[in-house]
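As a plain string of letters, each chain reads:
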Amino acid sequence: MNIALEHIDVNLGEQKIVRDVSLAVNKGEFVGIIGPNGSGKSTLLRTLYRIIRPSGGTIWFDGEDMKSVKLADSAKKMGVVGQFNTVNFDFTVFEMVMMGRTPHKKLWGSDTARDYQIVWEAICKVGMEKYAERRFSTLSGGEKQRIVLARALAQQPGLLVLDEPTNHLDIKYQLQILSIVKALGIGVLAALHDLSLAAMYCTRLYVLKGGEVVASGRPQEILTPELVREVYEIECDIKVNPDTGYLAITYLPLCRQV
């Protein structure tokens, strides 16, 4: 599925958090949003998955104005992995992931054999099959993040929205999670902090600063020392690995940037 945001504004109280942002994600694209803390990344994503109402602009959901799309219909097609994964009830891991099947069921519908198969496959994809009967509350932050991703995968969405999906994960699981998502072949829109990971996995990037898009394009085209200096106010060196084509980003200590 395709998603497009056109001229989105978001006001929270009297403060404008997002200003005239336009972006698009086409089927099969892994699109990243980068920018410093407070740049509006999470607010923009929460607007897309309908936690926050935009103050202006239009969100197109497979060519249809999101305002006319029922919440249940968008939930079938869009999976979300947020930053904060607290729950009020002590569910098992399997029960948590089974919640991803909820949008596909009728009211009071029971779990089917197909639901159980999809849920188990999602748990295995994130490498948590040994934890299926564990209580979600007993997991570490990184383990919880992997289960929340499994829950989103169980939705079988056409679009995944990821808000800092690698938070709390060590490097092995950061790479595993992003590789799993990339291999799905569906549209992905992800807010990411790590510029190296963004450059490695994203086909396109949008750079936010002060709630506005200040740059967009392929990582190899837009990620430059000048852009990093402008947006993050730090110095770095960026080179292309001749064997892999990936960008290698080296940050200079702040004590050397005075």
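The rules behind the values
Residues numbered from 1 in each chain as written. Predicted model: local features only at pLDDT ≥ 70, side-chain atom pairs only at ≥ 80, totals over all residues. Heavy atoms only, no water. Axes fitted to C-alpha atoms, helices over the stretch in contact; angles between N-to-C directions. Helix = DSSP H or I, 4+ residues; strand = E, 2+ residues; numbered from the N terminus. Parallel < 35°, antiparallel > 145°, perpendicular 65-115°, else oblique. Left-handed = near helix turned anticlockwise from the far one by under 90°. Contact = heavy atoms within 4.5 Å. Nonpolar A, V, L, I, M, F, W, Y, C, P; charged D, E, K, R; others polar. Core = buried A, V, L, I, M, F, W, Y, C linked by side-chain atoms within 4.5 Å. Buried < 20%, exposed > 50% of the residue type's maximum accessible area, 1.4 Å probe, protein only. Phe/Tyr/Trp six-rings, centres within 6.5 Å; stacked < 30°, edge-to-face > 60°.

Considering the packing of helix H4 (residues 113–125) against helix H5 (residues 141–154)
Here comes step 1: Where H4 contacts H5, the axes come no closer than 8 Å and their chain directions differ by 140°. The orientation of H4 with respect to H5, classified from their angle, is oblique. Viewed along their axes, H4 and H5 form a crossing whose handedness is right-handed. Contact residues: Ile 118, Val 119, Ala 122, Ile 123 and Lys 125 in H4; Ala 150, Leu 153 and Ala 154 in H5.
Here comes step 2: In terms of residue class, the contact of H4 with H5 is made up of 7 nonpolar, no polar and 1 charged.

Quick word on the nonpolar core
Here comes step 1: By size, the foremost hydrophobic cluster in this structure holds 52 residues, and its most contacted members are Phe 30, Val 97, Val 126, Ile 147, Leu 149, Leu 160 and Val 188.
Here comes step 2: It is H5 that provides the largest number of residues to this core, a total of 7 residues.
Here comes step 3: The residues contacting Leu 149, other than those within four sequence positions of it, are Val 81, Val 126, Leu 160, Ile 177 and Val 181.
Here comes step 4: Counting 28 residues, the second largest nonpolar core, distinct from the first, contains Ile 17, Leu 45, Ile 59 and Tyr 206.

Comments concerning the side chain of Asp 115
Here comes step 1: Residue position: Asp 115 is located in helix H4.
Here comes step 2: Residue Asp 115 is classed as buried on the basis of its relative accessible area of 6%.
Here comes step 3: In contact with Asp 115, not counting residues within four places along its chain, are Met 98, Arg 101, Lys 105 and Ser 110.

Let's talk about the packing of aromatic side chains
Here comes step 1: Counting across every chain of the model gives 1 aromatic pair.
Here comes step 2: Measuring from ring centre to ring centre gives 5.6 Å for Phe 94 and Tyr 116, while their planes differ by 25°; the resulting arrangement is stacked. One end of the pair, Phe 94, is in helix H3 (residues 93–98); the other, Tyr 116, is in helix H4, and 22 residues separate them in sequence.
Here comes step 3: The exposure class of Phe 94 is buried, given its relative accessible area of 15%.

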